[in-house]
Structure formats: C-alpha cells, structure tokens
Amino acid sequence: MQNSIMMRSRRATVVHRQQVTPLHTQLRLRAPEIANLAAAGQFVHLRVTSGADPLLRRPFSVMLCDPVEGFVDLLVQNVGRGSEIVALAGVGQSFDLLGPLGTPFPLPPPHAHAVLVAGGVGVAPMIALADRLSRTADDHHITSLFGARTEELLCCWQELAGRSHEFLAVTEDGSLGEPGLVTGPLAGILDVPDPETRVVYACGPEPMLAAVARMCAERAVECYVSLERWMGCGVGACLGCVVPAAHPAGDTSDATYLRVCKDGPVFAAGDIDWGASCL
Amino acid sequence: MQNSIMMRSRRATVVHRQQVTPLHTQLRLRAPEIANLAAAGQFVHLRVTSGADPLLRRPFSVMLCDPVEGFVDLLVQNVGRGSEIVALAGVGQSFDLLGPLGTPFPLPPPHAHAVLVAGGVGVAPMIALADRLSRTADDHHITSLFGARTEELLCCWQELAGRSHEFLAVTEDGSLGEPGLVTGPLAGILDVPDPETRVVYACGPEPMLAAVARMCAERAVECYVSLERWMGCGVGACLGCVVPAAHPAGDTSDATYLRVCKDGPVFAAGDIDWGASCL
Amino acid sequence: MMTPVDLSVELAGLTLQSPIMVASGTFGYGTEYADLVEVGALGAIVTKGVTLEPRAGNPPPRICETPAGMLNAIGLQNPGVEAFIRDKLPPLRDFGVPVIVNVAGSTVEDYVAVARRLAEAPGVAALELNISCPNVQAGGLHCGVRPDLTAELVAAVRAACPLPLITKLSPNVTDLVPIAQAAVEAGSDALSLINTLVGMAIDVEKRAPVLANRTGGLSGPAIRPVAVRLTWEVARAVSVPLIGMGGIMTGRDALEFILAGATAVAVGTGNFVDPDVTAEVRRGLEDYCRRHQVTRFRDLIGAAQVG
Amino acid sequence: MMTPVDLSVELAGLTLQSPIMVASGTFGYGTEYADLVEVGALGAIVTKGVTLEPRAGNPPPRICETPAGMLNAIGLQNPGVEAFIRDKLPPLRDFGVPVIVNVAGSTVEDYVAVARRLAEAPGVAALELNISCPNVQAGGLHCGVRPDLTAELVAAVRAACPLPLITKLSPNVTDLVPIAQAAVEAGSDALSLINTLVGMAIDVEKRAPVLANRTGGLSGPAIRPVAVRLTWEVARAVSVPLIGMGGIMTGRDALEFILAGATAVAVGTGNFVDPDVTAEVRRGLEDYCRRHQVTRFRDLIGAAQVG
Ligand SMILES: Cc1cc2nc3c(=O)[nH]c(=O)nc-3n(C[C@H](O)[C@H](O)[C@H](O)COP(=O)(O)OP(=O)(O)OC[C@H]3O[C@@H](n4cnc5c(N)ncnc54)[C@H](O)[C@@H]3O)c2cc1C
Ligand SMILES: Cc1cc2nc3c(=O)[nH]c(=O)nc-3n(C[C@H](O)[C@H](O)[C@H](O)COP(=O)(O)OP(=O)(O)OC[C@H]3O[C@@H](n4cnc5c(N)ncnc54)[C@H](O)[C@@H]3O)c2cc1C
Ligand SMILES: Cc1cc2nc3c(=O)[nH]c(=O)nc-3n(C[C@H](O)[C@H](O)[C@H](O)COP(=O)(O)O)c2cc1C
Ligand SMILES: Cc1cc2nc3c(=O)[nH]c(=O)nc-3n(C[C@H](O)[C@H](O)[C@H](O)COP(=O)(O)O)c2cc1C
Ligand code: FES
Ligand code: FES
C-alpha cells in the first residue's frame, strides 16, 4: 500500500551545507522518496549516530523539497548534542531518516488570505507552507510575519519573504524590521472587517503560539499551529510526546492527550489546552 | 616535572591515512610531544568518541615516530566498533590521545643479535623496535620473523623488513614466505652454540607468545613479550588489565597480578604465568 | 545461497515462529508500525498495558533521553479493556502472529476482571502480567517487590483465566529469585524480564525533575548488563521459559539473553531507535546459527550456563 | 575577567575546597594520576578499598565495556592495611587534600580492625565503609542489603574509631531509604551513593560470561539516572550530607546530584575516559554559578527538591 512506501526509513546523504547563521545550518539531503511525499508541516525523524549515545532520533521539519532532483532541505539550530552532530555534518555524510511523518498543514480555501507567523527556527515549516501555497493555482494571498530576539536569529528570512506577498520581520531588539513581538503587527492584520477571510498558521516558541492562538480565538479566525516536543518513536506508538487536548470528548485515552508526532505536529489551535500545555 | 609533560592527554590530528590491507589502516597523526617521548613498546590510549558510547579509550602501540615532524604512526586493525571508528578516520579528523604509556622494550647489549618475532597486527611495536635498534650506534644484528594466517594479514611487512638485516615472512597457508608458524624458523635461529648472545622480542597472538616464551626458556635465551588486554584507565589505577605473574614474591597485591598498562605491556617472558594467562 | 535456520521456539504452550517479540508499550497496538515493520515476521506482539478502566496517563513531559537509554513515565495511558477489545484487538489479530496482552491494575480484582474479559475475547494468545504497578490495597507498594504479593496476584488471575500466563518481573528488588519462584509456583507459564529500572533526570536550568512524574523507568542499551545478569540468575532457579529483554538492538545482544537462559527475547526501546531493529536482530541470529552450524536454535538456550 | 566562585562545602566535619572528589577504586592511590591531574585541586581523594589482609583480587578478565558504561570485578585487590599505611598513605598525604580511605572486609571484626589501625595513622581524614561486600558471618550476604546488618557494622566501627564515618550504599536493593536511615542512626556522619549495579556480559562466541567472576559492577553514565533517583530519595529521608556518584562526566551531570540533594560528588569511571574530567566538572560548576549568579555553591544543594 501507499503507506508502506511513505514511512520506510532510508539513508539520506548530505549534498549541500550552508551555515546560514552562527547557530543555524541549512542541510540539503538526497532523499528522493521523502522529497516526493513530504507535505508542508511534516517532519523527518533523524538518527544522529549509529552508536547508542545519543540514542533517540531527533525530529526536524521539512523546510523545502525538490521532488525533481530528489532533495530535502532541513534548517538545523544547534541547541545540543544531537542537533550539533547534524549541524556539523559535511557533504557526503549520510543519516538514517524516517519520514515524512506527522500531519501536514491543511491548505486554506481558494482566494483565502493566509497569514504565516514564524518565530525563530519555527520558520522552517512556514517556508514549506509558503512554498506550497505559492505553487497552488487557487490564488492565495500570503502575508508572513517572522519574529526573533535579534536580527541574527532571523534565519533564512529571505526564503520566507521571497514566497510571500507581504513579509514583515520583527525583532525584540529592533535590530531588523519592526521592534517588538509578532503579535503587534498580527493584531493589525486581524483587526479588519472580515477577519474570517484570513487563515493563520504559526510555528515558534510556545508562548508566541499561545498568544497567536488566543488572538485568533477572540476574532474567530481559523488558526493552525505546529508544536514541538521530545519524541521517542515519532510514529504514535510510545505516547511520549503528548500535549493536553482542549475538549476531552469521546474515549479518554485518545482525548485527554494528543500525540505531537501522529495527531500533530500541526493542530487546530482550538484543539490544544494552552493553559495546561504552555509550561 | 618531566613526567607531567610525558602523560598529559592531547588532541592529535590525522595528517595521513593509508589502507594497507582491507583490514588494516596506517594512520599518521600530528602529536609532537608523543613523537618526542615515545619509546619502542609504548602505546597511546585513544578516545574514539566524545560521546559515551563506546565509552572507554582504546590502546594502540606506537608503530613509528618522527620527532622532527612531530608525527606518530599507528597501525589499526579493524576488529570492532572502536577500532573501526579509528580505522575510518579521515585526514583532518582529530582524537584525544593519552600517552606515551607503559614500559618500553629494554634494548639489547651492544653487538647483540636481536630476534624480533611478530604475529599479525603485533608487528606494530616490532616495527618501532626495529626502527629504534637500527638507529643506535651499538651495531645490533636484527633478524625479524613475521607470521600470519595468510599473505594479506602480513600488514606493513616492508616496514619491518626494511629495518632488519634478515627478514622472514611465514604464513600458515604458505601464500607468502615460509609455510607454517614462526616457531619453526625461530628454532633454527636459537639452536646455535651461543643462543645466549640472542635476545628475543615478540608481539602477537597469545598462543604464539607462549610458544616463543617456552622455546626461549628452554634455551636460556632472554625474551621480552608485549601483551594485550582490555584496558580501563591505561595508567595503572583501575587494576582492570592484569595478567597472572609467574613467581609471587613479596607483597601479594603487587605480585599475584601484573598490570599490562603500567608494569607492561612489555614483560620479561619469565615474569608471566603462561599457564594461567593463556586462556 | 543461504540455508534457512529454524528459529521457532515453544513458550507457555505457544509455538513462536521466531524468538523475537516486541516489548509492551514500545510497539503500541501494532498498527502504528504496520507501515514500517514486517509485523508478520515477529514471534509475538506484546501490547501496551491494558487496564480495566480507561486511563489518561501521566501529564507531560513523559520521556527523556539518558546515556544509551531513556526514561519514561507514560502512566499506563490506555483506552481500557472494553475499548481495547473493540478497537485495538481486531487489527492486532490480523497480523497473524500471537497477540500477548500486557495487563495492569491497581488491585488484584482489577487484574482478575481484565483477565476474565480478555479470556472471552477471540485472538488473545496469552497474558503478560505487569506486576510493577502500585497496588492500592498494599498501600501503593508494587506487588512485584514481594514474593507473597506476587503469588497472590498470579494465583488469583490463574484461577480466573485459562489463558497462558506470563508474569513480568521488576528489576528494582534486592533478590529477584524468590519473586520469580513465587510467580512460577502460583501458576505462571513463563516469565518476562526485565521491566524498567526506576530512575530520574533533573533539568539543571529549571532545577526540577525533567519528568512531570519526577521518576521514570530506565530502558535501552544502558540496562542490558543488569537484564542479562537477572536472566542468568532466574534461569538457574526456575524451570519455566523466560522472555529476556533490556536494551536489545542486535542479534549479538539477543544472544546474550538466550545464552543466559532465555527462550525468547523482546525488543523495546530499540524499535524507537530503528524500526528495522527486529529484522536486524533476526538476521544476526540467523548468521550466528550458520557460522556455528547451529541447526536447532533451541540448543542455544542457556548454553552459557554450563561451565 | 571572571570572578572566582566559592565551591567549598562542609562534609562530615571536613571542609572541602571543592565538592568534587574521586570515587573509590577509580583513582588508585592518587600517584597513578599525579602526572595527569592537578590532584591538589580535588575536594578529596577516596582510596581503593583497603582490607585487613592483603588481597590478590579476582582472576582476569576483570573489566569489560557496556553501552555508556563498564563492568568491573576487580575483587578488592589491595596490599592490606599495613602496607597501605606504610607505602600508599605517605604519598597520598602529600597531595594536600583530605584522604578518605575506603574500608572493606568479610566480617564486622575485619572492618573494626582496619578502622582502628587507620585511626592511628596520621593523615586519614575520614573512612568510607564499603558495605557491599559479601559478609561470611551473614552467609555471604552483603551487609548493605539489610538495615539490621548495616546498623550492626556501622555501629561497631563507630564505637572503635573516632574518624568521620561515611557509609557507602549499594543500589541493588528494593528500598534504599531504611538502609540509609539505619546507617545514619548507627553513627554515619555522611553517606556515599551509589556503588555499582550488579550486571553481566556474555561473550557470545565463547558462550560464557566475559568476566572470570561472571558478574561485575556496572558503572558509568549508563547508571546516572538510577543514582540521581536514589540520591533524591535518600536526601528526603536523612539529614546527613550525601556524596553523590554514578556516571558523572560534566558539570551538568554533577549538578543533577547536587540539586537532588547531594553536598558533594565523586567521579569514578569518568577518570578513565578523560583524566581531565574533574577539572572539566569544576569548570562546569563555576560557569553555572556565574550564569545564575549563585554566590554560595551550597545554596544549590537540594534545590530541585522544593516543589
Ligand atoms: C515536529 C518537530 C519539528 C522540529 N523541527 C525542527 C527544525 O526544523 N529545526 C530545528 O533546529 N529543530 C527542530 N525541532 C527541535 C529539535 O528536534 C530539537 O532541537 C532537537 O531534537 C534537540 O536535540 P539535541 O540533542 O540537539 O538537544 P538536546 O541535547 O537533546 O537538548 C538540548 C536542549 O533542547 C531541548 N530539547 C531537546 N529536544 C527537544 C524537543 N524535541 N522539543 C523541545 N525541546 C527540546 C532540551 O530541553 C535541551 O534544553 C523540531 C522538533 C519537533 C518535535
Ligand atoms: C598495549 C596494547 C597495544 C595494542 N596495539 C594495537 C595496535 O597497534 N593495533 C591494533 O590494531 N590493535 C592494538 N591493540 C588492540 C586494540 O586495542 C583492540 O583491538 C581494540 O581496543 C578493540 O577495540 P574495538 O572497539 O574495535 O573492539 P571491541 O568491539 O571492543 O571488541 C572487538 C573484539 O576485540 C576483542 N578485544 C577488544 N579489546 C581488546 C583488547 N584490548 N585486547 C584483546 N582483545 C580485545 C573483543 O573481545 C572483541 O572480540 C592493542 C592493545 C593493547 C592492550
Ligand atoms: C515508552 C515505554 C513504555 C512502556 N510501557 C510498558 C507497559 O505498559 N507495560 C510493561 O510491562 N512494560 C512497559 N515498558 C517496559 C518495556 O516493555 C521493557 O520491559 C523495557 O523497556 C526494557 O526493554 P528495552 O530496554 O528493550 O526497552 C515500557 C517501556 C517504554 C520505553
Ligand atoms: C574499576 C572500579 C573499581 C571500583 N572499586 C571500588 C572499591 O574498591 N570500593 C568501592 O566502594 N567502590 C568501588 N567502585 C565503585 C565506584 O567507587 C563508584 O561507586 C561507581 O563506579 C559509580 O561511579 P561512576 O559511575 O562514576 O564510576 C569501583 C568502580 C570501578 C569502575
Ligand atoms: S514520539 Fe512516540 S508517540 Fe509520539
Ligand atoms: S587499565 Fe587500569 S590498571 Fe591497567
């Protein structure tokens, strides 16, 4: 069946490596099947070493795919041992990749105004989404907001800007674009007569996602977020990556908690219990 | 003090790599202090990864040193995970080396006839010894025997032959040199009117060492062997690498067992209890 | 051209085509791995722990990585025995390999009720009793830490249910042998060992335990030496077959347990690291048998015990 | 320009310039590492176990590597207390840091005799009692597995010797708390934890245990989660200072123990992996204190316990 092709783990070789910031590396891997199948919002589960330490795979969002060449691009922020091994990988080095995994972003209806809100390395799936939308024929209008603490952390912003109709950079220290937080400009975009014509997509630090979710809820704007959690299996088996669900309904075991790897990483903002999850 | 320089651990970078056989790699590392201090028979304790798996260092004999250039050559046989990581290391890769460690081979008296017996990868310290002897002014006569199961395992034999007055290769399958075991030709060399003028040095599989030790004992020929054991600390602290001593004498704790890393790896063959150790 | 090796083993009245099973809680209910693993090639599937009532499980964070291992505190999240039988069992059955249901509870009555219910359900090959759950009657003590409590629990389930019974032992005890013997005398047809070691990781930036549950169960290659030692000790003391587990990632790892006296092995955390791990373990066992001219895999069971 | 951080701690009546010690059996008698480590910067040196009579130790193989750990069965090889005092103690004393002598034996009388002898020797700062040795009177049972045997042993040594007493606990028990409490009530001034977990590795080619002793003690990063958990549990139950150990390789690792409630830490296997490890741990602790404006290191002890 289709699925059995979809998820088999495979070796992918690094064909290009770019240090986009001192903290961020863009890796291009040769992974034809994943490039063919990955949808915006999905991730790959990457084995960083063949040894037993670090033991678990590390999840990374698919940033860009080139189905023709069979390339997949990842944007890796070096935050610890696993991501460092990946970030320092040289051309020719190969990794075992599992994917594409998880639920992708649902696409907006034709002519809708898609508002993409990215925070830090959360820009990766937003670039994937902008790329996808800019290739559809249903003429979406794309506005992107990209926030970070400072200019240097606005990694790959050109990749997002180049795929959006409007793009606004926001830095807390004002070193690039608007000073402050993305929620400021977002309010401006949502405070219009017809907010319901907008669909908001967000990925970034959890406090930012919670704020965006609240703003959209207040204005009855459709909103989708992509979450991050430590992962074990990455395929829904271990129940290690869960987040609290908003409205327990139906059978307890499935409703109290949602699996970020399988039920997500993309969720309708209203499905998440932000109070409980945003610790 | 001199010692404090002698043993500090340092990073050494691979400057040259040669695949001498499908199973053996010759690595040249830049390690000036070790190149300066290492004596034939000593080893370096190499950390194969900065992670926790594989955890322990791996010991490798110093095969050749170039104090002028600051190079140290290791001959690595790929037998498992640790040696594989080392064997596959590329130029530019660096390792943390501890050394030189252990007791070197005692040099023979001037004009003595040194008989070097190597088995398999045990040739490494024999090459170091042949190199050392060929540089002294005391005009030693050097005869080298190098045995292996088959031609392909006679790694770096030229390095040994080139530093010996006589060299004989011995293979169990007769694919190169004499067929059989090194002990055959060794008997010929020792069965002379004045065997006491010879000093035998051996490194290789333990059964070979035991046989060589016995032959020398029977003929009252001075014999030194280099042993291998799993190692923990490599500096004499953990007592993990011991071999049974021949003549318990003096205080029990020091005499029942000898530490390969500190009391060895080079031992006078008579100091080892071959019956108990050769398991 | 390689000759096939007979890896089949007998266990608790079941014939397993292969001694390689998947460990409870690490393979979901099978379907999660259906796209990744040739599930039909497994010796058996052991399900996530099933309780009488549905359980929501512990709040997150529930897992964290440790050197060559991981900690987990899932908290027995499961839909309860009724929903299990209704929703999870049918697809499990369809894989065509024995389904062993891991049973958990807070009281002896819980276990008995779940066992009774599962005995009626078609397609359950055997039960694995997870006796390392806090027992409310015994003041939250785990039955698995005392021979008497273990015997009481196993005997009660044995009396209530005709299915083959496997008792899963906890390693967090001073002496596992009397507990293993009690489980066997009370009617266990086989024993599984080991469950996780109790551990903790601390987030030094937050200055608090990483897991919401504070402590968690340590699994993975890190615990293998402890698991092999306990398998060796228990194998000397009981005559029922053992299912060895704890950090198995390769055929060599599995052989440590087999040679120590296990009849079969289960792979747990290894599935997360590499979904191909069970196939890899199988290849390793077959290669070993060929290299050593072992015609009947069974002959390897406990081979490291003699001498 | 970095401001120095005060890492000093009080322990069993001793003032340690640093909370970082080296664990028994992993640093020999100090001299082995004299050329590699700035021994004078350590908080204390704990010696290899010393017995009344000289001991030859176990036959080899004595060690083997495991995932993120190692097994050892050295068997208490040591020259005996007389030779220790004569040959090993003087150079140890010269390092200028407190020397804590790890004491082992087969009978309570052994321990008492060694303790008496060490009390007379100049330059012994404290004793660490290794209670995980087979006790011939208790039928080979380790005193460390039972509160009553632990209390008996500690009380006997306490009565015979005025030196500060540290009892070293074994993790191979169902519940460590009552044993820790027994050790304290019997007069321990501090507790060390943990000793190694009992494990085994099997050579699948030879089909026999790798170690001549069959079982060995598991140490290294693999056991850290178990050690942190036990430190956390014991810290809640006793009021004497704890020395935490088990797989420490970095400052972050050490902080897990400190935040769980340890006053000091000991590095064992880490010394083999990297002789610089204790200096590395020290740098890590200093950096952490600076980053978090911790002026008194002591304030971190048990900080993860509240809440
Ligand atoms: C669905 C998904 C998509 C992701 N996409 C990307 C991406 O495109 N680019 C990218 O750089 N990162 C991404 N991440 C985060 C990435 O997986 C973690 O940064 C990485 O696993 C950290 O591993 P490490 O060994 O480097 O860090 P560790 O040494 O394991 O930890 C370093 C620090 O990171 C924190 N951390 C570790 N893992 C996670 C995690 N999974 N979630 C939250 N915090 C964590 C730890 O608390 C610790 O403080 C994604 C995560 C998820 C779940
Ligand atoms: C003083 C000394 C000098 C040495 N010099 C050299 C050298 O110059 N070149 C070289 O290739 N090797 C040398 N060795 C052997 C080398 O250290 C081991 O082959 C290596 O540590 C194996 O590690 P591994 O992880 O690759 O193998 P592992 O995966 O650890 O084990 C693979 C196999 O090798 C065996 N083994 C592992 N370590 C040892 C050991 N220390 N002694 C004996 N058997 C072992 C195991 O039983 C196993 O069967 C030396 C050993 C010593 C003690
Ligand atoms: C995420 C996770 C969940 C687990 N859930 C259960 C469970 O529900 N019941 C049970 O008996 N064991 C459970 N276990 C323990 C495993 O079945 C196994 O005994 C243990 O993990 C050791 O094997 P391993 O090292 O191969 O993982 C779980 C283990 C993990 C890692
Ligand atoms: C080779 C070796 C020898 C040891 N010898 C002793 C000993 O003689 N007495 C003792 O109490 N503990 C001994 N231990 C245990 C350590 O002191 C320490 O408790 C344990 O190794 C855990 O710490 P680690 O993981 O940092 O090594 C020894 C450990 C090792 C690895
Ligand atoms: S990572 Fe295992 S269920 Fe999500
Ligand atoms: S390896 Fe530690 S004493 Fe030899």
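Per chain, residue numbering runs from 1 following the sequence as it is written. Following the order in which they are written, the chains are lettered starting with A and the ligands numbered starting with 1. For a predicted model such as this one, the threshold for reporting local features is a pLDDT of at least 70, and the threshold for listing and counting side-chain atom pairs is 80 or more; totals across whole chains, interfaces and linings nevertheless cover every residue. Only heavy atoms go into the side-chain values, all of them from the structure, while hydrogens and water stay out.

Engineer: Could you clarify how one ought to interpret the overall build of chain C in this entry?
Structural biologist: Strands are runs of DSSP state E lasting at least 2 residues, helices are runs of H or I lasting at least 4, and numbering of each runs from the N terminus. Of the regular secondary structure elements, chain C holds 8 helices and 18 strands. Just to be clear, the radius of gyration here is over C-alpha atoms, and the globule rule we use is 2.2 Å times residues to the power 0.38. Scaling as 2.2 N^0.38, a compact globule of 307 residues should have a C-alpha radius of gyration of about 19 Å, and chain C matches this with 18 Å. For the C-alpha atoms alone, the extent of chain C along its principal axes is close to 55 × 50 × 40 Å. Type-normalised accessible area, obtained with a 1.4 Å probe on protein chains alone, sets the label of each residue: buried when under 20%, exposed when over 50%, and partly exposed for intermediate values. Residues classed as buried in chain C amount to 65% of the 307 residues present. Here, residues are in contact when the closest pair of their heavy atoms is within 4.5 Å. Sequence separation of 24 or more characterises 70% of the internal contacts of chain C that already satisfy a separation of 6 or more. One way to put it: in chain C the 24 positive side-chain charges average out to a point 2 Å from where the 30 negative ones average out. His is not counted, nor are the chain ends, whereas Lys and Arg count as positive and Asp and Glu as negative. By convention, charge coordinates are those of NZ in Lys, CZ in Arg, CG in Asp, or CD in Glu.

Engineer: Got a minute to help me understand the environment of C:Gly144 in this structure?
Structural biologist: All names here are of chain C. Within the secondary structure layout, glycine 144 lies in the loop between strand S10 (141-142) and helix H3 (147-160). In this structure the C-alpha to C-alpha distance between glycine 144 and alanine 159, which are 15 residues apart in sequence, comes to 19 Å. Residues within four places of glycine 144 in sequence aside, it is in contact with Ile131, Thr150, Val173 and Ile179.

Engineer: I'm lost on the relation of the copies chain C and chain D in this one. Help?
Structural biologist: Relating the two copies of this chain is a rotation about some axis coupled with a shift parallel to it. Copy-to-copy superposition: least squares on the C-alpha atoms, limited to residues that have pLDDT of at least 70 in both copies. Structural alignment of chain C on chain D gives an RMSD of 0.0 Å, achieved by rotating through 180° and translating 0.0 Å along the axis. As the rotation angle and translation indicate, the two copies are arranged about a two-fold axis.

Engineer: Any chance you could explain the relation of the copies chain A and chain B here in plain terms?
Structural biologist: Rotating chain A by 180° about the axis while translating it 0.0 Å along that axis superimposes it on chain B, leaving an RMSD of 0.0 Å. A share of 100% of interface residues in chain A that are also interface residues in chain B marks the association as one of identical surfaces.

Engineer: Mind showing me how you'd approach the nonpolar core here?
Structural biologist: Core analysis: the biggest nonpolar cluster contains 335 residues, and A:Val117, B:Val117, C:Leu118, C:Leu127, D:Leu118 and D:Leu127 have the highest contact counts within it. Beyond its immediate stretch of four places on either side in the chain, D:Leu118 contacts D:Val81, D:Phe84, D:Ile85, D:Val101, D:Val103, D:Val124, D:Leu127 and D:Leu163. By nonpolar core we mean a set of buried residues, namely Ala, Val, Leu, Ile, Met, Phe, Trp, Tyr and Cys, connected to one another through side-chain atoms within 4.5 Å.

Engineer: Explanation requested: the interface of chain C and chain D in the structure shown.
Structural biologist: Many structure descriptions define interface size as the accessible area lost when the parts assemble. The interface of chain C with chain D comprises 44 residues on the first partner and 44 residues on the second. Carbon and sulfur atoms make up 62% of the area that chain C and chain D hide from each other, which totals about 3700 Å². Salt bridge, as used here, is a side-chain nitrogen of Lys or Arg placed within 4 Å of a carboxyl oxygen of Asp or Glu. Counting the contacts that link chain C with chain D gives 2 salt bridges. Close ionic contact of C:Arg291 with D:Glu205 constitutes a salt bridge, the shortest N to O distance being 3.2 Å. Polar contacts, as used here, are pairs of N or O atoms within 3.5 Å; protein pairs need one atom able to donate a hydrogen and one able to accept it. Residues neighboring in sequence count only if both atoms are side-chain atoms. Where chain C touches chain D, the interface holds 15 residue pairs in polar contact (both at pLDDT 80 or more). Elements represented by at least two residues in the side of chain C that touches chain D include exactly strand S13 (197-200), strand S15 (208-209), strand S16 (215-219), helix H5 (224-237), helix H6 (251-260) and helix H8 (277-291) of chain C. Considering only residue class, the side of chain C that touches chain D consists of 28 nonpolar, 7 polar and 9 charged. Throughout, the accessible surface (probe 1.4 Å) given up by two parts as they are put together, summed over both, is called the buried area. Residues are grouped as follows: nonpolar covers Ala, Val, Leu, Ile, Met, Phe, Trp, Tyr, Cys and Pro; charged covers Asp, Glu, Lys and Arg; every other residue, Gly included, is treated as polar.

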